[in-house]
Amino acid sequence: MKKNIKKQSHATISDVARQAGVGKTSVSRYLNGELQLLSEDLRSRIGAAIKALDYRPSQSARALKAGRSKLIGLVLADITNPYSIGVLRGVEKICNEAGYMLMVCNTNNEPEQQNRYLALLSSHRVDGVIINSVGMSDESLQAFADIDCPFVFVDRKSAGFDCDVVGLDNRQAMNIAAAHLIEQGYESILFLTQSLAIDTRSERLRALREFVGDEPGMSCSHFEFTKEEQQVDHAIADFVAANRGLKKAIVTANGVVTMITAKALKRLRIDWGTQIGLLSVDDLDWAELPGTGITSVRQPNQLIGETACTLLLRRIEGDTGAYESHLYPAELVIRGSTAM
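From a predicted model like this one, the values you see are computed outputs, not experimental measurements.

## A few points about the sheet that holds strand β3 (residues 128-132)
Through backbone hydrogen bonds, the strands of a sheet pair up, either in parallel or in antiparallel fashion. Taken together, the 6 strands give an open sheet; going across it, the order is β2-β1-β3-β4-β5-β11, and neighbouring strands pair in parallel fashion. The sheet is open, and its two borders are formed by β2 (101-106) and β11 (325-328), each paired with just one other strand. Pairwise comparison of adjacent strand axes, ignoring direction, gives a mean angle of 15° for this sheet.

Written out as structure tokens, the structure is:
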């Protein structure tokens with residue numbers, strides 16, 4: 001008489017075999033869909049045992065046996081950045097469609113935390129990594145190289161690490177922004193940004209300066225700040241004082257800087273749209289709500305995430321073709337902040 005095994009939350013394949021009175025090979029064949037190799041009696045007994053024990057195969061173990069973990073890592077520099085949320089949605093959509101689990105890591109703009117997460121993802125044997133990197137130091141590049149799986153960079157580039165890249169066409173984005181400001185008659189521009197060590201930010205500044213530099217009587221300066229938001233207050237006050245009598249505008253490098261700038265202008269009691277122009281790279285969800293709304297350069301964030309994940313899955317499937325760079329154009333959304 002078979003011994004009745006008590007139902008448990010973590011039944012094993014051995015438990016199923018004992019409950020059904022069969023060998024583990026037969027259970028494996030049943031689970032792998034090789035039903036033609038089993039008699040009707042064996043199929044019935046194994047099925048009943050699985051139901052009685054509430055047995056659930058370990059998907060991770062089965063994936064690893066097949067040579068894959070079915071895990072993808074997404075490393076974000078700052079999860080609070082609205083850009084990151086859009087990218088996350090796109091990556092998650094493609095992962096769900098392809099049957100992959102997503103491991104999301106927020107580095108909070110800390111290089112050491114980024115390297116720790118990369119080591120963690122390696123220990124979980126992820127099949128690939130999508131990364132919006134904090135930086136491209138030698139240590140970071142070595143951390144990338146230490147993981148034996150495909151990478152895709154989002155909104156980042158590196159001459160020291162070869163992989164697919166997806167992001168915004170920064171030159172096109174800043175050209176349409178600058179053209180709009182020139183059309184509106186602005187004479188002086190302040191570009192506010194966090195660290196210019198991030199190549200996409202420096203690209204935006206360079207493109208803006210080149211476009212403005214060709215316009216007679218127009219100037220473009222910039223201010224690079226750290227985490228001390230109070231620095232932005234001083235930078236804006238100095239910019240206003242140095243450009244009295246000129247029509248002036250602030251261009252922010254991304255959505256995080258836009259929020260910091262909006263707070264600084266409120267503290268300084270400077271109204272955008274009447275006293276100063278304001279143009280944001282990133283069209284924030286709330287950009288149309290305050291005052292007259294904030295003119296924005298809209299990035300296709302979710303599409304960028306979808307493309308990055310699609311490229312990564314192709315590499316996981318064995319694509320060894322030349323690395324690709326997908327740079328998407330921006331859309332200018334004009335609101336009252338630049339209509340003065």
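## Describing the sheet that holds strand β9 (residues 277-281)
Reading across the sheet, the 6 strands line up as β7-β6-β8-β9-β10-β12 and stay open at both edges, with mixed pairing between neighbours. Here the strands that pair on one side only, and so sit at the sheet edges, are β7 (219-224) and β12 (331-333). Going across the sheet, the axis of each strand differs from the next one's by a mean of 20°, ignoring polarity. Strands β6 (188-193), β7, β8 (248-252) and β9 of the sheet are contacted by helix α9 (residues 199-213), whose axis makes an angle of about 175° with β6. Packing of helix α10 (residues 230-242) onto the sheet brings it into contact with β6, β7 and β8, and relative to β6 it is tilted by some 170°.

## Brief notes about the pattern of salt bridges
What the rule picks out here adds up to 14 salt bridges. Notably, a salt bridge pairs R156 with D155, separated by 3.0 Å at the nearest N-O pair. For the pair shown, R156 and D155 are each scored as buried. A salt bridge links R267 to D233; the shortest N-O distance between them is 2.7 Å. With a gap of 34 residues between them, R267 in helix α11 (residues 255-268) and D233 in helix α10 connect regions that are remote in the sequence. We classify R267 as partly exposed; its relative accessible area is 41%. Here the residues in one salt-bridge network are D164, R314, R315, D319 and E324, joined through shared partners.

## Structural notes on the packing of aromatic side chains
For the structure shown, the criterion picks out 0 aromatic pairs. It is K247 that lies over the ring of Y186; its NZ or CZ is 4.8 Å from the centre.

## Here we look at the packing of helix α2 (residues 24-31) against helix α3 (residues 40-53)
Two elements in contact, α2 and α3, have axes separated by 10 Å at closest approach and are oriented at 85°. Classed by the angle they form, the pair α2 and α3 counts as roughly perpendicular. When α2 is examined against α3, the residues S26, V27, Y30 and L31 are found in contact with a partner set consisting of L42, R43, I46, G47 and I50. Taken together, the residues that form the contact of α2 with α3 break down as 6 nonpolar, 2 polar and 1 charged.

## Focus on the pairing of strand β10 (residues 295-298)
Summarising the sheet, β9 and β10 pair through 3 bridges and their orientation is parallel. Across the sheet, the residue bridging to V281 is V297, located in β10.

## Here's the deal with the pairing of β2
Strand direction decides the pairing type here: strand β1 (residues 71-76) and β2, joined by 6 bridges, are parallel. The partner of G73 across the bridge, within β2, is M103. As a crossover connection, the stretch from β1 through helix α5 (residues 82-98) into β2 is right-handed.

Conventions adopted
Residues numbered from 1 in each chain as written. Predicted model: local features only at pLDDT ≥ 70, side-chain atom pairs only at ≥ 80, totals over all residues. Heavy atoms only, no water. Pairing = 2+ DSSP bridges. Helix = DSSP H or I, 4+ residues; strand = E, 2+ residues; numbered from the N terminus. Axes fitted to C-alpha atoms, helices over the stretch in contact; angles between N-to-C directions. Contact = heavy atoms within 4.5 Å. Salt bridge = Lys/Arg side-chain N within 4 Å of Asp/Glu carboxyl O. Buried < 20%, exposed > 50% of the residue type's maximum accessible area, 1.4 Å probe, protein only. Phe/Tyr/Trp six-rings, centres within 6.5 Å; stacked < 30°, edge-to-face > 60°. Lys NZ or Arg CZ within 6 Å of the ring centre and 35° of its normal. Parallel < 35°, antiparallel > 145°, perpendicular 65-115°, else oblique. Nonpolar A, V, L, I, M, F, W, Y, C, P; charged D, E, K, R; others polar. Right-handed = clockwise from strand over helix to strand, strands pointing away.

Spatial relationships are all this shows, so hold off on functional conclusions.
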